[in-house]
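One-letter residues, chain by chain:
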Amino acid sequence: MAAPSDAPDAFFEPLSEGRYAPTECTRGPWDPDSQHAGPPAALLARAAERRTGAREDMRLVRISYEIIRPVPITPLAVEVRVARSGRSVELLELSLTPEGGDPVMRATAVRIRTAEDCVPAVVPGPQVPAPEKAGTRTFFEVPWDTGYHTAMEFRFAAGEFVENGPATCWMRPRVPLVAGERTGGLERVLMAADSGNGISNVLDFRSQLFVNPDLTVHLHRHPVGEWVCVDARTSVDAAGIGLAEAALHDENGPIGRSAQSLFVGPRG
């Protein structure tokens, strides 16, 4: 699905230091006033890497989000705090807060010191079909013209939105995360990773609700190129708890994994 010609040209517009205005491109498929969690997750990851004083010899390897409540499409403040700083490992705490409100998303991020070619590289796991070998699929029906579903490009190597079960989907943003900036590799991963439960849903979303209150992403390297692949599987227990887990890839191979806890229940 192509983005509408009059759609905003970024997910977020910068307002002032640490403050951003989300555009319609952040809108999720379930509520016209709430964002898909991918863009705000990417905004926090961006802050972790670009904060003042960030060491250039460190790389983010794990970020865990608590999605406290739906993220509104209103101006947001990003805060970053260094919780622990060591020679080889750094722990950051981040939050995303609407003006005049309480945080709607929190995250902890781990960054590890790197050194060029200090150990032999080992590439784990199988490859997935390249994006040029994947196909476009129909997005499930969304009652508004502009949102995350139009601001991202999707190509499925296996499965599809309207088919239950595992899915392998390549994704890339059609617009920058922040207006006037080039979107980085880490940001592209986080824009895609929160879609794991959506692309691999195993129940009919018209009658069943599945909400992820968290997201954790581990990366052994950041992606190269424009595309990120989410190779996802979802499991659901009859008690109403699920888990969506995914292998993450770029065009050169595996880059990490993601996991989402799920609250599952009947709609209405």
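Let us look at the structure shown here.

Looking at the nonpolar core
In terms of nonpolar packing, the biggest core is built from 63 residues, with F11, Y65 and L190 touching the most fellow members. Here this core gets seven residues from one element, more than from any other, and that element is helix α1 (residues 38–50). Ignoring any residue separated from it by four or fewer positions in sequence, one finds Y65 in contact with A41, A42, L44, A45, M105, R106, A107, L190, P213, D214 and L215. Grouped together as the second largest cluster of nonpolar side chains are five residues, A134, W170, W227 and C229 included.

Digging into the layout of surface pockets
Considering only enclosed or pocket space, the largest pocket measures out at about 660 Å³ in volume. As for the largest pocket, its lining consists of 31 residues, and the residues nearest its centre are P29, W30, Q35, A37 and N212. Sorting the residues of the lining of the largest pocket by element identifies α2 (148–151), α4 (196–199) and β9 (208–211) as the ones contributing at least two each. Split into classes, the residues belonging to the lining of the largest pocket amount to 17 nonpolar, nine polar and five charged. The wall of the second largest pocket is formed by 15 residues, among which R59, V119, A121, H220 and R221 lie closest to the centre. Looking at the lining of the second largest pocket residue by residue, the classes come out as eight nonpolar, two polar and five charged.

Considering α1
Over its 13 residues, α1 extends 18 Å from the first C-alpha to the last, a length consistent with the 18 Å expected when each residue adds 1.5 Å. Taking burial as the measure, the 13 residues of α1 include eleven buried ones, the bulk of the element. Within the sequence span of α1, burial applies to G38, P39, P40, A41, A42, L43, L44, A45, R46, A47 and A48.

Conventions we followed
- Along each chain, the written sequence defines residue order, and numbers are assigned to residues from 1.
- The model is predicted, so local features are restricted to residues of pLDDT at least 70 and side-chain atom pairs to those at 80 or more, both for listing and for counting; the totals for chains, interfaces and linings are taken over all residues.
- Excluding hydrogens and water, the side-chain values take into account all heavy atoms of the structure.
- Definition of nonpolar core: a set of buried residues of the types Ala, Val, Leu, Ile, Met, Phe, Trp, Tyr and Cys, connected through side-chain atoms within 4.5 Å.
- Think of it in three bands: residues with accessible area under 20% of the maximum for their type are buried, residues over 50% are exposed, and the middle band is partly exposed, with areas taken using a 1.4 Å probe on protein chains only.
- The helix and strand labels rest on DSSP assignments: H or I over at least four residues marks a helix, E over at least two residues marks a strand, and numbering proceeds from the N terminus.
- Pairs of residues are marked as contacts when any of their non-hydrogen atoms sit within 4.5 Å.
- Lining residues are those with an atom within 4 Å of a point, where the points come from a 1 Å grid over the protein atoms alone and group into cavities, where a 1.4 Å probe fits but cannot get out, or pockets, open sets with protein on both sides within 12 Å along at least five of seven lines.
- Grid points are joined across faces, edges and corners, and a volume is the space filled by probe spheres set on the points.
- For this scheme, ten residues count as nonpolar: Ala, Val, Leu, Ile, Met, Phe, Trp, Tyr, Cys and Pro. Four count as charged, namely Asp, Glu, Lys and Arg, and the remainder, Gly too, count as polar.
- Take the number of residues in a helix, subtract one, and multiply by 1.5 Å to get its expected span.

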